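If you want the building blocks of each chain, they are given just below.
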Amino acid sequence: MFRFYLKNIHRKSGNTNNGDSVKNPLKKNLEEITDIPENSERELPIYRDILSNELYLKKSFGESMDILIKTAEADSAKLLFCMADTLCDNLLVTQQIVKPLLENTDLPSNHEKLMNYISQSVIAGVDIKKAYSLQQAEQEILSGMFLVFCEGVDYCLCFGVQRFTKRGVEQSQSEVNEKSSLEAFCECFKDNLALLRRRIRSPKLHFDTLEAGVTSKTRICLCYLTDRVNYEILNQIKNQINSARFDTVLSSGSITELIEGNRFALFSAVGSTERPDTACAEMAEGRILIIIDGTPFALIAPYLFSENFQTVDDYNVPPFYALFTRILKYSAFFIAIFLPSVYIAVCSFHHEVLPVAMLYDMAVQESITPFPVLLETVFIHFVYEIVREAGVRMPKSVGNAVSIVGGLVIGDAAVSAGLIAAPMLIVVAMSAITSFVIPKLYQPVAFLRFVFMIIAGVSGFYGIAIGFCVMLINICSQNPFSVPFTSPFAPLFLSAFRDTLFRQNWTKLSRRSFNISSMEK
């Protein structure tokens, strides 16, 4: 609509909007004006001559069909309109900006007063700002703003008329709960901030916006409570993001590795959540929330290892049941990692730890298989990971069938054919089920499971013990934000034990007595 409206206006005014037909002495210097290196940090000021601005923007954006650059006249004043057609609401642009501006016959003759009059009286809107450089004008266009240039003025007005195609707020897929809110973050930047602001109605909630990616120019927002955040950690994260030289930032993975620092860490010291209520609870403890435009997950820093075993439903059930479920989760963590390796060690080296009757039955089962226990265990777990990956990547309507049918058919056929022993299926099933109890830790758990299987096949319980010590040292060595990753267990912080293995009642949890900064070294 905006395109056709301007076309009719040009016909009435006789403006053909053809840069080649305009006689201007600056045109011969076009190459000097617009030939700017792509990664140049030097900013060009907006020219008072709108033809120069028009030529610069047309050369910068090329022949992209979604970028609209049009000239018009409003009561003898020459104006230049610029917008990204795919990011703006055309109806809103036409009715609220273009039409009232071009049909107004009582505009000031002074150009500076004209721009002030436009921003204050002609166009009604709250999201209005000024841009003073051509590079800034480019970014505003790509952010969905509608730009108005005026002849003789060295800045442009930017009006917020965005209309993005987006997915609405839906139910969380990765953090399922029984009694809590069903809302989850989406890909829309402002919708995610609105979910946080609606839950914490305090002026202490602050949003700092950064930009990452030389090409993508991805917006990143740091969310925190000003009276609880540690500003040293906040400045550290800001400096790391600002100093990063990424070409594109399209997901949270690059930012996680950037601020975490330790590429040899088995477990991530930067958490993530899809739930706004969990994010608000983390900020209430002094954490910093990192929201990346286009990503439905928010990053949390600092993050503790014990928080992987906490869920939002722990705070909607009695404390004794929360203690029970957390014990289950810790037990499932160790079972998922060590059960296959312990099975290999017992069958290969340490037969004496089993009762005679059980040892005899396992020996009979393993005697009919053609492979050693180590090779058999690694093989069946490798097959399981293939089936799981196929189920995850396939469409949901097919993925569940692939997982179930693949597990039943392959497992039953392998036992019937004598390729694996029946107890091995129990070990695989137990380790697979327990690994899903802590979904946040599935990747490191799956990797460590294979590592410990190989270690157990070589050196038995002794290798498992040494490997466990190495894993523990790796976890304890993580300290990217001056907050020990293993807190409050090591070093010991008694005040933080109110919500670790067990949780206290809400009468004590609701007291503002704990802050993550108190756990710094």
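Owing to the predicted nature of the structure, the values given are computational and were not obtained by experimental measurement.

Caption draft 1: Focus on the sheet that holds strand β9 (residues 288-292). With respect to topology, 5 strands assemble into an open sheet ordered β6-β7-β9-β10-β8, the strand pairing being antiparallel. Every interior strand has two partners, whereas the edge strands, β6 (205-212) and β8 (271-273), have only one. Adjacent strand axes in the sheet meet at a mean angle of 25 degrees, parallel and antiparallel pairs treated alike. Bridge count for β6 against strand β7 (residues 218-225) is 8 bridges, and the pairing is antiparallel. Its bridge partner lying in β7, Glu211 is registered against Arg219. Seen against the sheet, helix α10 (residues 276-284) touches β6, β7, β8, β9 and β10 (298-301) and runs at an angle of roughly 55 degrees to β7.

Caption draft 2: Broad picture of helix α7 (residues 189-199). Where α7 is concerned, the buried positions are Phe189, Asn192, Leu193, Leu195 and Leu196. The buried residues of α7 occupy one face: seen down the axis, they fall within an arc of 150 degrees. On the buried face of α7, the contacting elements are β6, β7, α10 and β9.

Caption draft 3: Summary view of the confidence of the model for the protein. Considering every residue of the protein, the mean pLDDT works out to 82; 87% of them sit at 70 or more. Scored below 50 in pLDDT, residues 4-40 shows 47 contacts in the model against residues more than four places distant or in partner chains.

Caption draft 4: Structural detail: the packing of aromatic side chains. Under the counting rule described, the total for this entry stands at 16 aromatic pairs. Relative to Phe333, the ring of Phe305 has its centre 5.8 Å away and its plane inclined at 70 degrees; by these criteria the two rings are edge-to-face. Of the two residues, Phe305 is situated in the loop between β10 and α11 (319-348) and Phe333 in helix α11; the sequence distance between them amounts to 28 residues. Comparing Phe305 with Phe333, the two get one shared label, buried. Judged by centre distance (5.2 Å) and plane angle (75 degrees), the rings of Phe333 and Phe334 are edge-to-face. The exposure class assigned to Phe333 is buried, which follows from its relative accessible area of 2%.

Caption draft 5: The packing of helix α13 (residues 373-393) against helix α15 (residues 422-435), seen in detail. Their axes nearest at 10 Å, the elements α13 and α15 cross at an angle of 45 degrees. Classified by the interaxial angle, the pair formed by α13 and α15 is oblique. By crossing handedness, the relation of α13 to α15 is classed as right-handed. Facing α13, whose interface residues are Glu376, Thr377, Ile380, His381 and Tyr384, α15 presents Met424, Val428, Ser431, Ala432 and Ser435. Classifying every residue of the contact of α13 with α15 by side-chain character gives 5 nonpolar, 4 polar and 1 charged.

Caption draft 6: Unusual backbone geometry, seen in detail. Residue Pro302 follows Ala301 across a cis peptide bond; omega there is -5 degrees. As for its placement among the helices and strands, Pro302 is situated in the loop between β10 and α11. Residue Pro488 is bonded to the preceding Ser487 through a cis peptide linkage, with omega at 5 degrees. The topology assignment puts Pro488 in the loop between α16 (442-476) and α17 (506-509). Although it is not a glycine, Lys217 sits at a positive phi angle of roughly 50 degrees. Relative to the elements of secondary structure, Lys217 occurs in the loop between β6 and β7. Residue Ser482 is not a glycine yet carries a positive backbone phi of 65 degrees. Taking the relative accessible area as the measure of exposure, Ser482 reaches 37% and is therefore partly exposed.

About the thresholds
- Residues numbered from 1 in each chain as written.
- Predicted model: local features only at pLDDT ≥ 70, side-chain atom pairs only at ≥ 80, totals over all residues.
- Heavy atoms only, no water.
- Pairing = 2+ DSSP bridges.
- Helix = DSSP H or I, 4+ residues; strand = E, 2+ residues; numbered from the N terminus.
- Axes fitted to C-alpha atoms, helices over the stretch in contact; angles between N-to-C directions.
- Contact = heavy atoms within 4.5 Å.
- Buried < 20%, exposed > 50% of the residue type's maximum accessible area, 1.4 Å probe, protein only.
- Arc of directions from axis to C-beta.
- pLDDT = per-residue confidence, 0-100.
- Phe/Tyr/Trp six-rings, centres within 6.5 Å; stacked < 30°, edge-to-face > 60°.
- Parallel < 35°, antiparallel > 145°, perpendicular 65-115°, else oblique.
- Left-handed = near helix turned anticlockwise from the far one by under 90°.
- Nonpolar A, V, L, I, M, F, W, Y, C, P; charged D, E, K, R; others polar.

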